Amino acid sequence: NAGVMQNPRHLVRRRGQEARLRCSPVKGHSHVYWYRQLPEEGLKFMVYLQKENIIDESGMPKERFSAEFPKEGPSILRIQQVVRGDSAAYFCASSPRQGREDTQYFGPGTRLTVL
Amino acid sequence: AQTVTQSQPEMSVQEAETVTLSCTYDTSENNYYLFWYKQPPSRQMILVIRQEAYKQQNATENRFSVNFQKAAKSFSLKISDSQLGDTAMYFCAFVAVSNYQLIWGAGTKLIIKP
């Protein structure tokens, strides 16, 4: 009865490197959401995906950030050429349908530290 | 714009006491859901309780209950018989039925003292 899984839990990158964050939703869930949490703040929406489709990426920076949710495999949040300001906790959530009536269930998060 | 406000950055109570965390929100939507999530030191985000705006009855989950005042746009969380394991950050969150983006408050740090 696995919940949302994220890996790695902790990721350290130097400025200019790439960060790849993975999220495996709850089995049977086809909707994935990524949120970012800066220190001492609540979460901020980044992107909403269904299988093979990006539904809403309005919360994601236009440059350097991308997300995908392929037909097979986990959802990936990719950050290219990381900068110190990208240091944050990145949470993935999933729901069986669009989150109108469904609670979003969260993974443990990936803590990204950019040196 | 929809906003969620948690006015208490930090609270602390003795074990076994009752504590209430406040949350207010602003929206023009009529149909929505409200949540309280708990984030312990492990940083995992755990759902505590959920309330549908169309339901007048306040949601309850064991020691956790809410006081939902729709007209006042208030959604407070009451923790009864608090336990050491309740020590965590507590976040209030809102989602409109017409949307899916959870809107989050800044959180309240709750410390339960032995």
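Quick summary incoming for the structure in this document.

What counts and what doesn't
- Residues numbered from 1 in each chain as written.
- Chains lettered and ligands numbered in written order.
- Predicted model: local features only at pLDDT ≥ 70, side-chain atom pairs only at ≥ 80, totals over all residues.
- Heavy atoms only, no water.
- Contact = heavy atoms within 4.5 Å.
- Buried area = accessible area lost by both parts, 1.4 Å probe.
- Salt bridge = Lys/Arg side-chain N within 4 Å of Asp/Glu carboxyl O.
- Polar contact = N/O pair within 3.5 Å; in protein donor to acceptor, adjacent residues only side chain to side chain.
- Helix = DSSP H or I, 4+ residues; strand = E, 2+ residues; numbered from the N terminus.
- Nonpolar A, V, L, I, M, F, W, Y, C, P; charged D, E, K, R; others polar.
- Pairing = 2+ DSSP bridges.
- Axes fitted to C-alpha atoms, helices over the stretch in contact; angles between N-to-C directions.
- Disulfide = S-S within 2.5 Å.
- Buried < 20%, exposed > 50% of the residue type's maximum accessible area, 1.4 Å probe, protein only.
- Phe/Tyr/Trp six-rings, centres within 6.5 Å; stacked < 30°, edge-to-face > 60°.

## Observations concerning the interface of chain B and chain A
Next, step 1: Each side of the interface is counted separately: chain B has 20 residues, and chain A has 25 residues.
Next, step 2: Summed over both partners, the interface of chain B with chain A comes to about 1,900 Å²; 50% of that surface belongs to carbon and sulfur atoms.
Next, step 3: By the criterion of area lost to chain A, the three top residues of chain B are B:Arg43, B:Tyr100 and B:Trp104, representing 33% of everything that side buries.
Next, step 4: For the interface between chain B and chain A, the tally reads 0 salt bridges.
Next, step 5: Our enumeration of links across chain B and chain A arrives at 9 residue pairs in polar contact (both at pLDDT 80 or more).
Next, step 6: Only strand 5 (32-39), strand 6 (46-52) and strand 10 (88-96) of chain B provide two or more residues apiece to the side of chain B that touches chain A.
Next, step 7: Among the elements that line the side of chain B that touches chain A, the one with the most residues is strand 5 of chain B, at 4 residues.
Next, step 8: By residue class, the composition of the side of chain B that touches chain A is 12 nonpolar, 6 polar and 2 charged.

## A few points about the sheet that holds strand 1 (residues 5-7) of chain A
All names here are of chain A.
Next, step 1: The sheet built from 4 strands is open, its strands ordered 1-3-8-7 with antiparallel pairing. Sheet topology places strand 1 and strand 7 (65-68) at the edges, where each strand pairs with a single neighbour. Each neighbouring strand pair of the sheet contributes to a mean axis angle of 15°, computed without reference to strand direction.
Next, step 2: Inspection of the sheet shows strand 7 paired to strand 8 (residues 75-79) by 4 bridges, in the antiparallel sense. Each residue of the ladder has a partner; that of alanine 67, found in strand 8, is leucine 77.

## Here's the deal with the state of the cysteines
As used in these notes, a disulfide is a covalent bond between sulfur atoms, one from each of two cysteines.
Residue and element names in this part refer to chain A.
Next, step 1: Applying the stated criterion across every chain yields a total of 2 disulfides over all chains.
Next, step 2: In this model cysteine 23 forms its disulfide with cysteine 92; the gap between the sulfur atoms is 1.8 Å. Because the torsion about its S-S bond is -55°, the bridge between cysteine 23 and cysteine 92 counts as left-handed. Placement of the pair is cysteine 23 in strand 3 (residues 19-24) and cysteine 92 in strand 9 (residues 88-95), with a sequence separation of 69 residues. Accessibility assignment for this pair places cysteine 23 and cysteine 92 in one class, buried.

## Focus on the environment of B:Val95
All names here are of chain B.
Next, step 1: Relative to the helices and strands, valine 95 resides in strand 10.
Next, step 2: Judged by relative accessible area, valine 95 falls into the buried class, the value being 2%.
Next, step 3: Taking the C-alpha atoms as reference, valine 95 lies 9.1 Å from glutamine 2; in sequence the two are 93 residues apart.

## Describing the packing of aromatic side chains
Residue and element names in this part refer to chain B.
Next, step 1: Enumeration according to the criterion identifies 16 aromatic pairs over all chains in this entry.
Next, step 2: A centroid spacing of 6.1 Å and a plane angle of 80° characterise the contact between phenylalanine 91 and tryptophan 104, whose relative ring orientation is edge-to-face. Of this pair, phenylalanine 91 sits in strand 10 while tryptophan 104 sits in strand 11 (residues 103-104); the two residues are 13 residues apart in sequence, bridging distant segments of the chain.
Next, step 3: With relative accessibility at 1%, the residue phenylalanine 91 sits in the buried group.
Next, step 4: The class for tryptophan 104 is buried, based on a relative accessible area of 8%.

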